[in-house]
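Tertiary structure, described
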Amino acid sequence: MREVAIVSFSQLPSSKVIHADEPELVQPVTAAAMEQIGLTQDDIGFTCSGSTDYLPGRPFSFVAAVDGLKAWPPIRESHVEMDGAFALYEAWVRLLHGDIDTALVFSFGRCSLGPVPEVLNVQNDPYYVQPLGLDAISAAALQARAMIDARKATERDFAEVAVRNRQNAVRNPNAHVKGPLDVEAILAEPYISSPLRKSLCSPLSDSAAAVVLAAGDTARKLVERPAWIRGIDHRTEPHALGQRDLTASASAKLAAEKAGVRKGKVDVAELHAPFAHQEIILREAMGLGEGTEINPSGGALAANSLMTTGLIRFGEAASRVLSGSADRAVAHATSGACLQHNLVAVLEGE
Amino acid sequence: MAEHCAVIGIGQTKHSESRRDLSIPGLVRDAAVRALQDANMSWKDIECVVIGTAPDMFEGVMMPELWLSDALGASGKPIFRVHTAGSVGGSTAVVASHLVQAGVHEKVLTLAFEKQSESNAMWALSPAVPFQPQLVAGAGGYFAPLIRSYIRRSDAHPDTGCMVAVKDRQHGLLNPDAHLHLDQSLEEVKASPMLWDPIRYSETCPSSDGAVAMVLVNDKHAARVQNPAWITGTSVRTERTFFAGRDQVNPAAGKLCAKDVYDQAGITNPLKEIDCAEVYVPFSWFEPMWLENLGFAEEGQGWRMTMEGKTKIGGEMPWNMSGGVMCTNPIGASGMLRFAEAARQVRGTAGRHQVEGAKVALGHAYGGGSQFFAMWIVSSER
């Protein structure tokens, strides 16, 4: 199989509101990702993006994003109604063909445009579940409660995850919320949906992100130390919450196995865990032990612009390989309520 | 490209205005089961599911692949969701074929659906974009000016669009799965109400409920059936919606996409080397426009092929043998139906709308403001 690497990453600093439409989000972030390795759109073989119409609340919102690209002459282009990390997966598959050597991947999401936790209820079965009004925080709270009931974690464990992520975010200029915060302060917060408190949930952010992929020697020419995608796989699980063991993630476990996470020491992992307890589930599923630094960026608990959060995990993990601060990194993205669908990749330097 | 890819299973639902007898999971599963049976396979043979549908708002379910994973036996497997506007059915099949060609998977189920009866697509296609004037009502409002421009440029016979409608509806009568079964005369089509001048009611596609599925495999598994349809070319192209000087009547992205897919399949003269085509014609006038865009006719001459009956079954270049989008339009599935019907033709399984001896066929889809294109060439020979 052809070697493919992440060679560039750019993101807009996440914040509560970015006053920008789709082209205004897409143009600067894609241009930055290409410019920093000396490329323009004319050098790109394939372009792929991820976004959802349910944030702006209108169909075909991704069509406007094309106007933020130099899509002229016409380009090879595709779009997934999934997190941008899945667009990266499609671009990886496209590069395996061998006829083109570079791909631009981007995604954009503005949570400021609507009541996101309530909107996410429309991911549920429209006949039996949507009428219940199961918002995303309540669904995650069921999962957190199941972990406590199974004695797999305590509320204090959840708070410790949040404190570490918020502390890491202090060093991340692109994070939306950052420390300082301590465990006792979190445990003193009122419940939003028991056992979840505000700081155990990700913020709702606006952002956009872009990644450039390159194959083989093209990657080596573009950067000194490409972040090679050594393994990448994604798996889903039954949709109904009652059909899954919510305290574990069978799909993340399987995807990690297929991606080869356990084949070597993992220096750093960027996990897409929008709720603190989900990081614990993911670490266990992927077998990430004490020797692995988790979410040096602060993760989704420091910035969560829906549809870009997964791609940013890939970009953050790759950045550490590109800079030489890590030799082997794991990137993860999730989709759906309570970690239904998981994408895992192993990135390595040479 | 590490592997060849073939279509060995094709299934579709009976399409209709409202499949009240099926839920959305029931609809996609119906098409998928038919494709699996056609491929002589069961759910456990499938390694990966690639699903496409047009805007999620049509059914009111966000990222429906999450919900539909159960109905599609995807638990423990990868399921992947594509969305490229009207071209989505085509793009979805292209992504699925790439997974096989790249050697990532050996056996992939791909499918596309729309259940238009769950919403009102006409108004879903008329979004009020903030800070922009509301210019159009429905897709016809967007495309009518392009058609008028085509007629002006080519000095086309004014009956051309009606002729396409009559022809596609005659083809649809041969297709038991088609939504519309209309035996219409030219006079009847011409007498139908004008909706968006020059588009008459009978020159528009219907709103349908339906799904289509295909099983795509590599060389190793193609021998499961006697008659695989080999994918000899795939391509996608996109251009921006608005900029000065853009030719929306004969878009460059369509021309480039066609050239790319012909080059891959070794086709230099599509009129001579392709036996038939299933092309996305949601409004009748798009047949002559795409005949020119895809290189089947010189610029300005496409309408003559239609008027001369060359695009009928039995004509020189049959187009939309299944009745096409003019007879069946579950939007998100309409592109994949074109790809699947092209594959049926080269497999020799197209029933009463089979083009005798078809060996090479084109499947085509487009979307957005005539700006997203997806195509494939399928052949009875690898």
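Please read all numbers here as calculations on a predicted model, not as lab measurements.

1. Considering the overall build of chain B
Within chain B, the secondary structure is distributed over 14 helices and eleven strands. Taken over C-alpha atoms, the radius of gyration comes to 19 Å for chain B, in line with the 21 Å a tight globule of 382 residues would show. Relative to its 382 residues, chain B shows a buried fraction of 63%. If you take every contact in chain B between residues at least 6 apart in sequence, the share linking residues at least 24 apart comes to 78%.

2. Notes on the overall build of chain A
From N to C terminus, chain A includes eleven helices and twelve strands. In terms of overall dimensions, chain A is globule-like: its C-alpha atoms have a radius of gyration of 19 Å, near the 20 Å expected for 350 residues. Put simply, chain A has 350 residues, and 63% of those count as buried. Intrachain contacts of chain A at a sequence separation of at least 6 include 79% that bridge at least 24 residues.

3. What about the nonpolar core?
In this structure, Val 105 and Leu 213 of chain A are the most contacted members of the largest nonpolar core, which totals 261 residues. Looking at this core element by element, the count peaks at ten residues for helix H3 (residues 84–96) of chain A.

4. Notes on helix H6 (residues 155–169) of chain A
Residue and element names in this part refer to chain A. Taking 1.5 Å of rise per residue, the 15 residues of H6 would be expected to cover 21 Å, and the 21 Å separating its terminal C-alpha atoms lies within 8% of that figure. Three or more residues of H6 are buried, namely Glu 155, Phe 158, Ala 159, Val 161, Ala 162, Val 163, Asn 165, Arg 166, Asn 168 and Ala 169. Among the structural elements, helix H5 (136–149), helix H7 (183–187) and helix H10 (276–286) are those in contact with the buried residues of H6.

5. Some points on the pairing of strand E7 (residues 209–218) of chain B
All names here are of chain B. The buried fraction of E7 is high, at nine of ten residues. Pairing geometry for strand E1 (residues 5–12) and E7, over seven bridges, is antiparallel. Each residue of the ladder has a partner; that of Gln 12, found in E7, is Val 212. Where strand E4 (residues 107–115) lies against E7, nine bridges are found, and the strand directions are antiparallel. Bridging from a neighbouring strand, Lys 107 pairs with Val 217 of E7.

6. Overview of helix H9 (residues 252–265) of chain B
Residue and element names in this part refer to chain B. A rise of 1.5 Å per residue sets the reference length of H9, with its 14 residues, at 20 Å; its end C-alpha atoms lie 20 Å apart and thus fit the reference within 8%. Taken as a whole, H9 has its buried residues at Ala 253, Gly 254, Cys 257, Ala 258, Val 261, Tyr 262 and Ala 265. Projected onto a plane normal to the axis of H9, the buried residues spread over an arc of 160° and lie on a single side. Elements in contact with the buried residues of H9: strand E8 (229–238), helix H10 (270–273), helix H11 (286–293), strand E10 (360–367) and strand E11 (372–379).

7. Description of the packing of H3 of chain A against helix H11 (residues 309–322) of chain A
Residue and element names in this part refer to chain A. Direction vectors running N to C along H3 and H11 enclose 60°, while the axes themselves pass 5 Å from each other. Taken as axis vectors, H3 and H11 run oblique relative to one another. Along its contact with H3, which presents Gly 84, Ala 85 and Leu 88, the element H11 presents Gly 310, Leu 311, Arg 313 and Phe 314. Grouping the constituent residues of the contact of H3 with H11 by class yields four nonpolar, two polar and one charged.

8. Considering the environment of Asp 70 of chain B
Mapped onto the elements of the fold, Asp 70 of chain B is located in the loop between helix H2 (65–68) and strand E3 (79–82). C-alpha separation for the pair Asp 70 of chain B and Pro 25 of chain B, spaced 45 residues apart in sequence, amounts to 8.3 Å. Once residues lying within four places of it in the same chain are set aside, the contact partners of Asp 70 of chain B are Pro 238 and His 239 of chain A together with Ser 75 of chain B.

9. A short note on the environment of Glu 299 of chain B
Residues and elements named next belong to chain B. As for its placement among the helices and strands, Glu 299 is situated in the loop between H11 and helix H12 (302–307). A count of 12 C-beta atoms within 10 Å places Glu 299 in the exposed class. C-alpha separation for the pair Glu 299 and His 105, spaced 194 residues apart in sequence, amounts to 41 Å.

10. So, the pairing of strand E1 (residues 4–11) of chain A
All names here are of chain A. Here E1 lies mainly inside the structure; eight of its eight residues are buried. Of the pairings in the sheet, the one linking E1 to strand E8 (residues 227–236) comprises two bridges and is antiparallel in character. When the bridges of E8 are listed, Ala 5 appears paired with Trp 228.

11. Some words on the interface of chain A and chain B
The interface of chain A with chain B comprises 45 residues on the first partner and 48 residues on the second. Secondary structure elements with two or more residues in the side of chain A that touches chain B: strand E3 (77–80), H3 and E8 of chain A. Considering each element in turn, the side of chain A that touches chain B owes the most residues, five residues, to H3 of chain A. Of the residues assigned to the side of chain A that touches chain B, the class counts are 21 nonpolar, 13 polar and eleven charged.

12. Describing the sheet that holds strand E2 (residues 46–50) of chain A
Residues and elements named next belong to chain A. An order of E3-E2-E4-E7-E1-E8-E12-E11-E9-E10 is seen for the ten strands of this open sheet, with the pairing classed as mixed. Edge positions in the sheet fall to E3 and strand E10 (293–294), since each of these pairs with one other strand and no more. Two strands pair when backbone bridges link them, and strand E9 (residues 268–270) and E10 are joined in this way by two bridges, in the parallel orientation. Residue Ala 269 lies in a different strand from E10, and its bridge partner there is Ile 294.

13. Digging into the sheet that holds E10 of chain B
All names here are of chain B. Taken together, the nine strands give an open sheet; going across it, the order is E3-E2-E4-E7-E1-E8-E11-E10-E9, and neighbouring strands pair in mixed fashion. The sheet is open, and its two borders are formed by E3 and strand E9 (276–278), each paired with just one other strand. Looking at each pair of strands side by side, their axes are set apart by 25° on average, direction ignored. Pairing of E8 with E11 involves eight bridges; the strand directions are antiparallel.

14. A look at the packing of H6 of chain A against H10 of chain A
Each pair of packed helices gets described by two things: the angle between the helix axes and the distance between those axes. Residue and element names in this part refer to chain A. Interhelical geometry of H6 versus H10 gives an angle of 95° and a closest axis separation of 8 Å. Overall, the two elements H6 and H10 adopt an arrangement that is roughly perpendicular. Residues Asp 157, Phe 158, Val 161 and Ala 162 of H6 form the contact with H10, whose participating residues are Ala 276, His 277, Glu 279 and Ile 280.

15. Side note on the confidence of the model for chain B
Taken as a whole, chain B shows an average pLDDT of 95; of its residues, 97% reach a score of 70 or greater. For this predicted complex, the interface score ipTM comes out at 0.97, while the overall pTM is 0.98.

16. A few points about unusual backbone geometry
Residue and element names in this part refer to chain A. Put simply, Gly 179 and Pro 180 share a cis peptide bond, and its omega is 0°. Along the chain, Pro 180 falls in the loop between H6 and H7. A cis amide bond links Ser 194 to the next residue, Pro 195, at an omega of 5°. Following the sequence through the fold, Pro 195 ends up in the loop between strand E5 (191–193) and strand E6 (196–197). Backbone geometry places Phe 60, a non-glycine residue, at a positive phi of 65°. In this structure, Phe 60 sits in the loop between E2 and helix H2 (61–65). In this structure Phe 60 comes out as buried when scored by C-beta crowding, with 22 C-beta atoms within 10 Å. The backbone of Cys 338 sits at a positive phi, close to 55°, despite the residue not being glycine. Mapping Cys 338 onto the fold places it in the loop between strand E11 (328–335) and strand E12 (341–348).

17. Description of the environment of Leu 186 of chain B
Residues and elements named next belong to chain B. Tracing the sequence through the fold places Leu 186 in helix H7 (residues 186–191). Counting along the chain gives 21 residues from Leu 186 to Ala 165, while the straight-line C-alpha distance between them is 8.4 Å. Not counting residues up to four positions away in its chain, the partners in contact with Leu 186 are Asp 159, Cys 162, Met 163 and Val 166.

Analysis parameters
- Residues numbered from 1 in each chain as written.
- Chains lettered and ligands numbered in written order.
- Predicted model: local features only at pLDDT ≥ 70, side-chain atom pairs only at ≥ 80, totals over all residues.
- Helix = DSSP H or I, 4+ residues; strand = E, 2+ residues; numbered from the N terminus.
- Rg over C-alpha atoms; globule rule 2.2 N^0.38 Å.
- Buried ≥ 20, exposed ≤ 12 C-beta atoms within 10 Å, placed from the backbone.
- Contact = placed C-beta atoms within 7 Å.
- Core = buried A, V, L, I, M, F, W, Y, C linked by C-beta atoms within 7 Å.
- Expected span 1.5 Å × (residues − 1).
- Pairing = 2+ DSSP bridges.
- Arc of directions from axis to C-beta.
- Axes fitted to C-alpha atoms, helices over the stretch in contact; angles between N-to-C directions.
- Parallel < 35°, antiparallel > 145°, perpendicular 65-115°, else oblique.
- Nonpolar A, V, L, I, M, F, W, Y, C, P; charged D, E, K, R; others polar.
- pLDDT = per-residue confidence, 0-100.

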